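# Report on the structure
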Amino acid sequence: PGTAVGRALREILTLTRGNAAAPEPPTTPSSASEWLARSYALQARFRLAEARDAAARAVLLAPRLGFAHARLAELEFSLEHRRQALTALDAALRQAPRLASAHALKGFVLLEDHRPREALVAFDRAIALDAALGHAWLGRGLALQRLRQQSEALLAFQTAAALEPRRALLRSYLGKAFSAAGEPALAEKDLHQARNLDPGDPTAWFYSALHHWQQNRPNRAVGELERSIELNDHRQIFRSRLGLDRDRAVRSANLAAVYEDAGLSEAGRRAAAHAVSEDYANFSAHLFLSDSYRAVEDPNRFDLRHESARFSELLVANLLAPSGSGNLSQLLPQQERLRFFDPAPLGFSSLTTFQSPGNWQQLGTAFGSLQGFSYALDVAYAWQREQEINDWRERKDASLQIKQRLGPQDELYLQVAFSDGDSGDVARHYDPTNAHPDLRVSERQVPNLLAGWHRAWTPASHTLLLLARLSDDFHLSDEGVNVLHLQPDVANAVRVSYPAGGYGLRFAGDFTLYSAELQHIWQHDRHTVVAGGRLQSGAVESEATLSRVLTGAISEDQIDEPMRRANGYLYYHVQVFEPLRLVGGASYDRLTFPRNSELAPLTSGEETIDLPTPKTGLLFTPWRGGSLRGAYTRSLGGLFFDNSVRIEPAHVAGFSQAFRSVLPESSVGLVAGSTFDTGNIAFDQRLPGGTHLGVAAEWLHSEGERTLGVTTGPAPVPFPGAVASTEQTLKFRERNFSAYAVQLLGDGLSLGARYRLSEAQLETRLPEVPKTATGLDQAEQSERSLLHQVALSLHYQHSGGAFGQWETVWHRQHNSGYTPARPGDDFWQHHFWVGYRFPRRTLEVRAGVLNLTDQDYRLNPLNSFVAPPRHRTAVVSLRLNF
């Protein structure tokens, strides 16, 4: 007992008897055996870094001991130091070439480095040396899965579980493999057995949740995923703090997708926000956030408030996603098919939607992955026509995205996109009869090119580079354009008016943008730093002809002005203590853009804005199931779509800070270089029994200045004398409060209630026009709109595949400050859907009726909302996933 070997055995026996909490022996180890025993004792106390140091001391004392090198490699791998682990394994196998466990461990390290063929050789060597080594068979199955040899992989998983039938982890992977092979009964048997063998292991709960989601049991999947997250830290004996956060982020991202399917969209965004904060390099969370904005975007693509956040998050997701593991499609989200293993070499997804007015939308993507190469080819066609004046749109889109692994650490991303659209007046109008009957718009983007590079220096250190060239060719014609007229009278005062009948306008604009952005992500235990910079340069060419019927052309303008942007940013996340995470950051923008390239008569010249912008946020989980988030940000918009081509963080604590425009474009049109101030706070609570509650408050403030083209002269009709320009300032404020409550019942029933109160105020001024001008009150605005919305919903999903949904929505709006007055509206609408969904989501058929009672309405577009249908509308859709 007094020897070094005896002291080592005594320490190991203390651990095996379940006394990991016992104090460490007072003596300092003096031999390699003692240091190895001490490394196990330290690991049992969740002190992985110290355990690694102890194993390193053993290697120094016994450099020819292969097992010591293998022990060091095991701990380096637990700390996610893959290079150091491979170095230690090479040393171990030089000293002990027949050490089967070292060969198996090398296989797992090679799998993490995306080298499945080399990993398979290592696992086969381990099995040849020790055919009863269960985790070597597990690794062999995982390598074969990567190599698309599904039947052999399943056999390897079965062998691993048969060799060590009491190991819960092996049962979990076998159940996962059975589910992927389409054997639900066998999958549930093994996953259930794994949970019984080790109820504290989160792996079985996680895979069981994904299995039940694919078997149309979303509520059960929600409960199991929530349980998996609660148990996440039970693996801290094997995982570093950073690794545990990464595991939690993966579970949270999947939970966000399942929440959405169960009718818990608010909780889904909260889960995705936590996933991004826990592991900023987690591509799935960024992808879900992008998809969540797709659901609330204006289908007419006119009010584009959320475009920047959606596209930015999608770019980040595509750059970070390992080749073969992401979802490169720009159209159809990966959440349609949560996958257990890597995608096949060829897959296909499509969504066909038809609405009774004759509207038709077709989305399709072909995708796949093979040996470090993945791709997605997207095509889309949409035809939409409402039963209103000149409200129609036709759009065709196509894009190709590819991702190529260049080595263990480097990946290349390329995207080529085409777009072609024609439309009438698709802006939102309080009264649809106010639409412009002669407005015609065409827009072409041929082609848009994006190239990205991702280097993973380590699992905790990533560099992203995004290069882009985008072009937009825009044409507009209208015979009823309102242009401000300034008319001096005999007293040398000014009369402000909009001439009756308006002007004719022919406009053509061409915008070409070049963008380059470099970003580095560094993560370490409780700290994350995201730093980068963006440079953009573009050219704006515009031509506009303004005319009247009697006089012909009044102005013919042509401008060619530059657009430039320089941006630098730094964001810092810190886990202050376990429930509290703080976010701080700042960015600096310098934006130069044309003075007036859009609002005829055009004005040459350029404007420059310099703006430092602070960012701050917090995420706090004060108790089980509770989540408090808050943020304040300031940011700067762009000229057109340039602010969407970015990988700078678009969210702080899960709240968007990137906007194409906060000012409602249906009310005021384009305002270049506007500033955005946002304040947000939200609290969510999950209660036992499947109850989810939440409240949120949002404050948005935006300011902008622009140059308006005006006509001048003694009379606007029929002969305005000349053209000029004047400045306009705009201030917009929006305050929103929302609350929700959702109850999950059984495997597939959810009842939901939601309330939203939105107040919007817009103030526009003409500071260069004398305050004494006649009619100025008609040109300046001080408008306010207050909107109440209540939504009651019922979602039912039967495990056999049938599902149904019902939603009743109440709107009530009050408007003030308008001349002529805009009376408020108060109305209910009812919508329902029924359908059938195959297991594993291979096919879904859905049919429904929107606005069941054919309730028309008048809603002021000053408020932000998803426009409800104006007429009773039948909807049929078909979704395929293969």
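Per chain, residues are indexed from 1 in the order of the written sequence. This being a predicted model, a pLDDT of at least 70 is required before a residue's local features are given, and a value of 80 or more before pairs of side-chain atoms are given or counted; all residues contribute to the totals for chains, interfaces and linings. The side-chain quantities take in all heavy atoms of the structure and omit both hydrogens and water.

## Some details on helix 8 (residues 134-146)
- Here helix 8 spans 19 Å end to end across 13 residues, near enough to the 18 Å set by a 1.5 Å rise per residue.
- Working definition: with a 1.4 Å probe on protein chains only, accessible area under 20% of the residue-type maximum means buried, over 50% means exposed, and in between means partly exposed. To qualify as a helix, a DSSP run of H or I must reach at least 4 residues; to qualify as a strand, a run of E must reach at least 2; elements of each kind are numbered from the N terminus. Burial runs high along helix 8: 11 of the 13 residues are buried.
- Buried within helix 8 we find Gly134, Ala136, Trp137, Leu138, Gly139, Arg140, Gly141, Leu142, Ala143, Leu144 and Gln145.
- Tucked into the core, helix 8 has its buried residues touching helix 6 (100-112), helix 7 (116-129), helix 9 (150-163) and helix 10 (168-180).
- Within two residues after helix 8, arginine 148 carries a phi angle of roughly 70°, on the positive side. Multiplying one less than the number of residues by 1.5 Å gives the expected span of a helix. Pairs of residues are marked as contacts when any of their non-hydrogen atoms sit within 4.5 Å.

## Examining the confidence of the model for the protein chain
- For every residue, the predictor states its confidence as a pLDDT score lying anywhere from 0 to 100. The predicted model of the protein chain has a mean per-residue pLDDT of 89, with 95% of residues at 70 or higher.
- pLDDT under 50 marks residues 334-341. Its contacts with residues more than four places away, or in other chains, come to 41 contacts.

## Some details on the pairing of strand 10 (residues 503-524)
- In this structure, strand 7 (residues 461-481) lies alongside strand 10, joined through 19 bridges in antiparallel fashion. Within the sheet, the bridge partner assigned to serine 461 lies in strand 10 and is tryptophan 522.
- Note: two strands are recorded as paired if DSSP finds a minimum of 2 bridges between them. By the bridge criterion, 21 bridges tie strand 10 to strand 11 (residues 527-548) in an arrangement that is antiparallel. Residue pairing in the sheet places threonine 512 in a bridge with alanine 539 of strand 11.
- Taken together, strand 10 and the strand that follows it, strand 11, pair antiparallel across an intervening segment of 2 residues, in which aspartate 525 is found at a positive phi of about 50°.

## Description of helix 7
- Given a rise of 1.5 Å per residue, 14 residues ought to cover 20 Å, and the 20 Å separating the end C-alpha atoms of helix 7 matches this to within 8%.
- All of the buried residues in helix 7 are Pro116, Ala119, Leu120, Ala122, Phe123, Ala126, Ile127 and Leu129.
- Check the buried side of helix 7 and you find it contacts helix 6 and helix 8.

## Brief notes about the packing of aromatic side chains
- Aromatic pairs are defined between Phe, Tyr and Trp rings, using the six-membered ring for Trp, whenever the two ring centres lie within 6.5 Å; interplanar angles under 30 degrees are classed as stacked, those over 60 as edge-to-face, and all others as tilted. Tallied over the full model, the rule gives 16 aromatic pairs.
- Plain terms: the ring middles of tyrosine 173 and tyrosine 207 are 5.5 Å apart, the flat faces sit at 70° to each other, and that makes the pair edge-to-face. Linking tyrosine 173 in helix 10 with tyrosine 207 in helix 12 (residues 202-214), this pair joins segments that are 34 residues apart in sequence. Per residue, the accessibility class of tyrosine 173 equals that of tyrosine 207, and both read buried.
- One aromatic cluster in this structure is built from Tyr173, Phe206 and Tyr207.
- By the criterion adopted, a ring carries a charge over it if an Arg CZ or a Lys NZ lies within 6 Å of its centre and within 35 degrees of its normal. Over the aromatic face of tryptophan 205 sits the side chain of arginine 195, whose NZ or CZ is 5.2 Å from the ring centroid.
- Note that arginine 870 overlies the ring of tyrosine 857, its terminal NZ or CZ placed 4.3 Å from the centroid.

## Comments concerning the nonpolar core
- Core analysis: the biggest nonpolar cluster contains 129 residues, and Phe157, Phe511, Leu639 and Ile647 have the highest contact counts within it.
- The element contributing the most residues to this core is helix 6, with 8 residues.
- The residues contacting leucine 639, other than those within four sequence positions of it, are Phe511, Val540, Met563, Phe593, Pro594, Leu670 and Ala672. Put simply, a nonpolar core is a bunch of buried Ala, Val, Leu, Ile, Met, Phe, Trp, Tyr and Cys residues held in one set by side-chain atoms that sit within 4.5 Å of each other.

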